[in-house]
Amino acid sequence: MPLLKEFSFFKDRHMMSKRDLSEISNHLKYEFLEAGDTIFKQGDPGDQFYIIMKGQVQVSIAEKK
């Protein structure tokens, strides 16, 4: 939970209680990905939230036809 408080996404939400942060932290898991791995594709359901701890990502959006 202390780690969550360091991210501006959570820090800027002043209404979020310690209990809320604790509940969120209970659902967190680490994923280690290699360079070039696809995390998700356009059109996938938005059922996960990612926090990039180290490294970088590239987001590509396909043009509508």
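Scoring rules and cut-offs
Chains are numbered independently. Their residues run from 1 in the order of the written sequence. Totals for whole chains, interfaces and linings use every residue, but because this is a predicted model, local features are given only for residues with pLDDT of at least 70 and side-chain atom pairs only at 80 or more, for both listing and counting. Based on all heavy atoms of the structure, the side-chain values leave hydrogens and waters out of the count. Definitions used throughout: a 1 Å grid over protein atoms alone; a cavity as a set of points that fits a 1.4 Å probe which cannot get out; a pocket as an open set with protein on both sides within 12 Å along at least five of seven lines; a lining residue as one with an atom within 4 Å of a point. Grid points are joined across faces, edges and corners, and a volume is the space filled by probe spheres set on the points. Classes in brief: Ala, Val, Leu, Ile, Met, Phe, Trp, Tyr, Cys and Pro nonpolar; Asp, Glu, Lys and Arg charged; the others, Gly included, polar. In this scheme Phe, Tyr and Trp rings, the latter by its six-membered ring, pair at centre separations within 6.5 Å, and the angle between planes marks the pair as stacked below 30 degrees, edge-to-face above 60, and tilted otherwise. The helix and strand labels rest on DSSP assignments: H or I over at least four residues marks a helix, E over at least two residues marks a strand, and numbering proceeds from the N terminus. Each residue is placed in one exposure class: buried if its accessible area under a 1.4 Å probe, protein chains only, is under 20% of its type's maximum, exposed if it is over 50%, and partly exposed if it falls in between. For patches, a residue must show more than 30% relative accessible area and have no salt bridge; joins then use 9 Å for like charges and 5 Å for nonpolar side chains, namely Val, Leu, Ile, Met, Phe, Trp and Tyr. To be clear on the numbers: accessible area is Shrake-Rupley with a 1.4 Å probe, and residue cover counts the displayed protein chains and nothing else. Should a side-chain nitrogen of Lys or Arg be within 4 Å of a carboxyl oxygen of Asp or Glu, the pair is scored as a salt bridge.

Trainee: Break down the layout of surface pockets for me, with residues and values.
Mentor: Approximately 1300 Å³ is the volume found for the largest pocket. Lining the largest pocket we find 37 residues, and of these Leu33, Ile39, Tyr50, Ile51 and Ile52 sit closest to its centre. Here the residues of the lining of the largest pocket sort into 21 nonpolar, ten polar and six charged.

Trainee: Could you give me a rundown of the packing of aromatic side chains, with the residues and numbers involved?
Mentor: Under the definition given, this model contains two aromatic pairs. On the numbers, 6.1 Å between centres and 25 degrees between planes, the contact of Phe40 with Tyr50 is stacked. With Phe40 in the segment after helix H3 (18-25) and Tyr50 in the segment after H3, this pair connects stretches of sequence that are ten residues apart. On the accessibility criterion, Phe40 (54% relative accessible area) is exposed.

Trainee: Just give me the short version of the environment of Phe10, but keep the residues and values in it.
Mentor: Structurally, Phe10 can be placed in helix H2 (residues 8-11). Its relative accessible area of 7% is what places Phe10 among the buried residues.

Trainee: Can you lay out a nonpolar patch on the surface for me, pointing to particular residues and giving the numbers?
Mentor: Nonpolar side chains collect at one region of the surface, where Leu33, Ile39, Phe40, Tyr50, Ile52, Val57, Val59 and Ile61 lie side by side and expose about 780 Å² of accessible area between them. Given the relative accessible area of 31%, Tyr50 is considered partly exposed.

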